[in-house]
Amino acid sequence: MTALLGEAAADVGDGDRHVGAPVARPPRTRRSRRIRYTLTVLAFLLPSAIPIVLFVLGPMVAAAWISLTEWNLLSPAKWVGFENYANLLTDPETAEIFLHTVYYIVGYLPLVYLGGLAIALGLNTALRGRTLLRGVYFLPVVTSWIVVALVWRWLLNPVNGVVNTVLAFFGIEGPGWWADPAWAMPSIILASAWKDLGFVMVILLAGLQSIDPELLDAARVDGAGWWRRLFSVTLPLLSPATFFVIVISLINGFQVFDQVYAMTGGGPGGASQVVVQQIYDLTFRYGKAGEASALSWLLFIVILAVTVVQIRGQRKWVNYG
Amino acid sequence: MADTTTAVDGVASGSRARRPARTPAARAALGRSIALHVVIVVGALLMFFPFYWTLVTSLSPGSGLTSTPSLLPADPGLEAYVQLFSQLPFARVVGNSLLLAVITTLVQLVTSATAAYAFSRLPFPGRTLVFGIYLATMMIPLQVLVVPLFAELKAFGLVDTYLGALLPTFAAAFGIFLLRQAMNQVPVELDEAASIDGAGHFRIFWTVVLPNIRPAIATLAVFAFMGSWNSFLWPLVVLRSPELQTLPVALAGLQGQYTTQWDIVMAGSVISILPMLAIYLFAQKYVIQGVANTGLK
Amino acid sequence: MRTTALATAGIVAVAALALSGCSADSADESGPVTITYTNFISNDGNEENLQTIVDAFEKENPDITVEVTTLPYADYGTALQTDLAAGTVSDMFDIEYANYAQYQANGVLAELPVANPDAYRQSLLEAYQTDGTQYALPSSFSTVVLYYNSDLFDAAGLDYPTADWTWSDEQAAAEKLTDAAAGVWGDHQPVSFYEFYKVLAQNGGEFLDDSGTKVAFNSPEGIEAAQWLVGKSGTVMPTIEQGQGTPDFDTNLFKDGKLAMLHTGIWVFGAVADVPFGWDIAVEPGNTEQASAVFSNAVGVSSGSKHPEAAAKFAEFLTSSDTMVQTRLDSGWELPPISDEAALATYLEQGDPANRQAVFDSLDGIALPPVVAEGQQEMQDIMTEELVEAQAGRKTVEEALASAEERINAVIGG
């Protein structure tokens, strides 16, 4: 894993910026300058490194150890080596829950990004009541999944839901949504994208607000139309924020859980069962903490691989100005 | 100001378009402006509806969840809120949640900003690897970390203390990554100018870089606060004394073993949403002023 | 340096886990002691009632102080599992009957000697015994009964349900009462594990075989029972698409006067108390046998407790004292598990439903959920999932039971 990371790491810092050697400083010996610089780096890094090492990486190492045991949280753990991994890798259900998770991401990411971008662009104009509207678009982000799931189950009710009623008006027979194994995941995707639009909007708005209006004015003077300005000025300048949104959405998307739990509980018939729900069930309901930890590490490897690809690809399109 | 007419300029030119002599371009701009308003407002209604429904249910005493939500409370009353306040030690749980959220937010702002500065401005051997490891901490679900983390804090004697609830939230890769992206966009020439004036890294960090990433800092503040305010699993596990309970855990208690009083659950939901909304709106104001004040761009 | 710190943190976490098993020191029962009690039974409105019982106990036992922690029911399991894993569990904690076997088999529960076993309803007390030894004490029970809307029965000219009804009586009435045009449904019974083991017992079937590690429900009785359960959907009961299975759907339908019969627990008495029509309850109809579901909570003493005697004393007070009986009856909290029906007389006179006697009559033939030492929750989840597949028409009942049999055997087969 370290090798994998190291390889990726070579590319992580594509956007690195730093000041060259200090210029107007009293001359010092090279050695004392180096010590001073090391101390500076430590001073900036340790406040975050200490909690991360102690309270995230430490438990991660412990989880790796647990993944090599059979443990129901009640009796002492029993060492089983790589048996949990072997079981998971040969169980067809593992492939299934990973596929469901990927299905979720593939549907969710374009929807939430394009929707969030459109809203951010729309609300970055001189619209009356703009602040209030931003608040309204942010509401779903802060509403709990219990409530959101109830509302969406009602909107997408196959018999008398709003969506199917509207579709019927146009002569289309609506699908069974969450009650139909083929439509359960699309239902979750719709509700999730709707809920997270405000999240993407907030990140992209912060990016848009940092864009120099003079650049856009200059483009307009040059005769660039709206679309042209969007593609040649706004989007390139927004690319660091976009990169952030995509990396974070992928990391979070692979760990989708709350919405599945609240909307379908993984059903019908396991059709929307995802990886983290399985991890939760295995740990706290089925008494299989070892298997849950092993599954988490498999998930970790997948997310890491996807993120590494992201980071390696960023130099092609992310523009740090 | 940076906030006004950056991307969609049709609205700004809309006022010009109301003059009698309409050029085709102005007419198009007006049409675009109207379309934009309609789309945004319809979208806002879609966004607002679930919250509205929560509000209506919370104001309909004794109502269960009806299979078809009604648009107006059947028999409006504040009973659910009264019951909520009498069932929960409300001041205490809200106070606990606020305390944890404020401390988490402040500490995370510090740890994220300093780490982001190191990753953006201070080259050192293995820096990209360290950044990769930071990012990797987001890739393991909390569900499997809870048990080892709990055992570790027990060994430190921190179970059932505010500190035990707080420590694991003190640094988060999300915020570090967010601020690093913002810092990477601050022109390095600004650092160099300050450096020529004799500024060291601490001064550049404080007076050059931080003021230029205010929108990102405000955004992080909102998300850090929200993360703490809504966090459930860890506070549930680590805080047990009734005096230390947080709002989400207390609200979860409104769902019983066999039955749930939905009007009270919805009232609790309204009450937990409002502070978050207030913080977001406040942060928005700050962002806009912040950008206006720096004079950069 | 960083690697060292990481390794240290990992070692601390691992060591803490490894050490967590051994927490019990020597018992010290002399002098004042404080015992801790983690519960969910008082959550959601009965916190003060529990405190009343604790106060009375502390008054009688000035040497013992009880510290109570109350957790939400839905997440109680998560918190308890974490505590058990890390060795921070309270002296006493609540359990449900369905989880009892699993906790007992893993040695989490201490033996719990009872001073006065006759005070308890025997069937409930015995439910928490393993090989003749008591490991937990029942703290309350609720039963599931048949609710009916007597106005709808009157309008259809039908006789009200009685304890003598069987499935065919229920079926006939449900069909006559269903009026699709008016949106009125005849019957509602959830399609889940908790209903299935009961209808299975009502039909003379067994869920598990004698070994306890293999299922026995894929039998003619089992198929007939599952058919009875899922066959209601779409005929006399709304389908999943129509909302069946969403929270509170059934009670709301009943409260709206659009449901004639409803199978649910006595815990919704309060919720339907003010409906503008007549209603009552009856013992649930069986087929070849009468069998009612009983849900019971219990309290156990941790095998790691330093004060097992004091804890046992409070456990018995909490589950059988007069103070407890009085407090529960006065507040309408769940029913106490005691044997003395005279003490429960006031319960019968508390108003609607009129036939409260049915609550006690249903105890004459009870069906307890099947319990296994390993894989309880997974077994329940699989059973419900397969039944719902049959309900939705994606599988036949035979296919669903065969699939459930195979999957559950793989989980509980030791």
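Procedures and definitions
- Residues numbered from 1 in each chain as written.
- Chains lettered and ligands numbered in written order.
- Predicted model: local features only at pLDDT ≥ 70, side-chain atom pairs only at ≥ 80, totals over all residues.
- Helix = DSSP H or I, 4+ residues; strand = E, 2+ residues; numbered from the N terminus.
- Rg over C-alpha atoms; globule rule 2.2 N^0.38 Å.
- Buried ≥ 20, exposed ≤ 12 C-beta atoms within 10 Å, placed from the backbone.
- Contact = placed C-beta atoms within 7 Å.
- Domains from an automatic or database assignment.
- Nonpolar A, V, L, I, M, F, W, Y, C, P; charged D, E, K, R; others polar.
- Axes fitted to C-alpha atoms, helices over the stretch in contact; angles between N-to-C directions.
- Parallel < 35°, antiparallel > 145°, perpendicular 65-115°, else oblique.
- Left-handed = near helix turned anticlockwise from the far one by under 90°.
- Pairing = 2+ DSSP bridges.
- pLDDT = per-residue confidence, 0-100.

Undergrad: What is the right way to look at the overall build of chain C in this model?
TA: What chain C contains, in helices and strands, is 16 helices and 10 strands. Compactness check: chain C gives a C-alpha radius of gyration of 23 Å against a globular reference of 22 Å for 414 residues, within 12% of the reference. Projected onto the principal axes, the alpha-carbon positions of chain C cover approximately 70 × 55 × 45 Å. Counting all 414 residues of chain C, 52% fall into the buried class. Sequence separation of 24 or more characterises 76% of the internal contacts of chain C that already satisfy a separation of 6 or more.

Undergrad: Honestly, the interface of chain A and chain C in this entry has me stumped. Any pointers?
TA: When the parts of a complex come together, some accessible area is lost, and that lost area is often taken as the interface size. Between chain A and chain C, the residue contacts involve 27 residues of the former and 30 residues of the latter. Of all the elements in the fold, those that place two or more residues in the side of chain A that touches chain C are helix H2 (30–66) and helix H12 (275–285) of chain A. Element by element, the count of residues in the side of chain A that touches chain C is highest for H2(A), at 9 residues.

Undergrad: Honestly, the domain arrangement of chain C in this entry has me stumped. Any pointers?
TA: All names here are of chain C. Taken domain by domain, chain C consists of domain 1 (30–142 + 295–360) and domain 2 (143–294 + 366–412). Placing the centre of domain 1 and that of domain 2 at their C-alpha centroids yields a distance of 29 Å. Across the boundary between the two partners, domain 1 contributes 20 residues, which contact 24 residues of domain 2. Listed by contribution, the elements that provide at least two residues to the side of domain 1 that touches domain 2 are helix H4 (97–105), helix H5 (122–127), strand S6 (136–149), strand S9 (292–301) and helix H14 (357–361). Ranked by residues supplied to the side of domain 1 that touches domain 2, first place goes to H4 with 7 residues. Residues belonging to the side of domain 1 that touches domain 2 are distributed by class as follows: 12 nonpolar, 7 polar and 1 charged.

Undergrad: Would you mind going over the packing of H12(A) against helix H13 (residues 289–313) of chain A with me for this structure?
TA: All names here are of chain A. Remark: H12 packs on H13, axes separated minimally by 7 Å, with the N-to-C direction vectors making an angle of 160°. Taken together, the axes of H12 and H13 are roughly antiparallel relative to one another. For the pair H12 and H13, the crossing hand works out as left-handed. Residues Val-275, Gln-278, Ile-279, Leu-282 and Thr-283 of H12 form the contact with H13, whose own contacting residues are Ala-289, Glu-291, Ala-292, Leu-295, Ser-296 and Leu-299.

Undergrad: What should I look at first to understand the pairing of S6(C) in this one?
TA: A regular strand places its side chains so that they alternate between the two faces of the sheet. Residues and elements named next belong to chain C. Of all 14 residues making up S6, 12 are buried, and the element is well covered by its neighbours. In terms of strand pairing, S6 meets S9 through 7 bridges, oriented antiparallel. By the bridge assignment, Ser-140 is partnered in S9 with Asn-297. Pairing of S6 with strand S7 (residues 261–265), which is carried by 5 bridges, proceeds in the antiparallel orientation. Residue pairing across strands places Leu-146 opposite His-263, the latter belonging to S7.

Undergrad: Honestly, the confidence of the model for chain A in this entry has me stumped. Any pointers?
TA: When pLDDT is low, close inspection of the predicted coordinates is not appropriate. The predicted model of chain A has a mean per-residue pLDDT of 87, with 91% of residues at 70 or higher. Ignoring residues within four places in sequence, the model shows residues 19–24 of chain A, a span with pLDDT below 50, making 10 contacts including any to other chains.

Undergrad: Hey, could you run me through the interface of chain B and chain A in this one?
TA: On the side of chain A, 89 residues touch chain B, which itself brings 87 residues to the contact. Top contributing element to the side of chain B that touches chain A by residue count: helix H2 (residues 24–58) of chain B, with 10 residues. By residue class, the composition of the side of chain B that touches chain A is 59 nonpolar, 21 polar and 7 charged.

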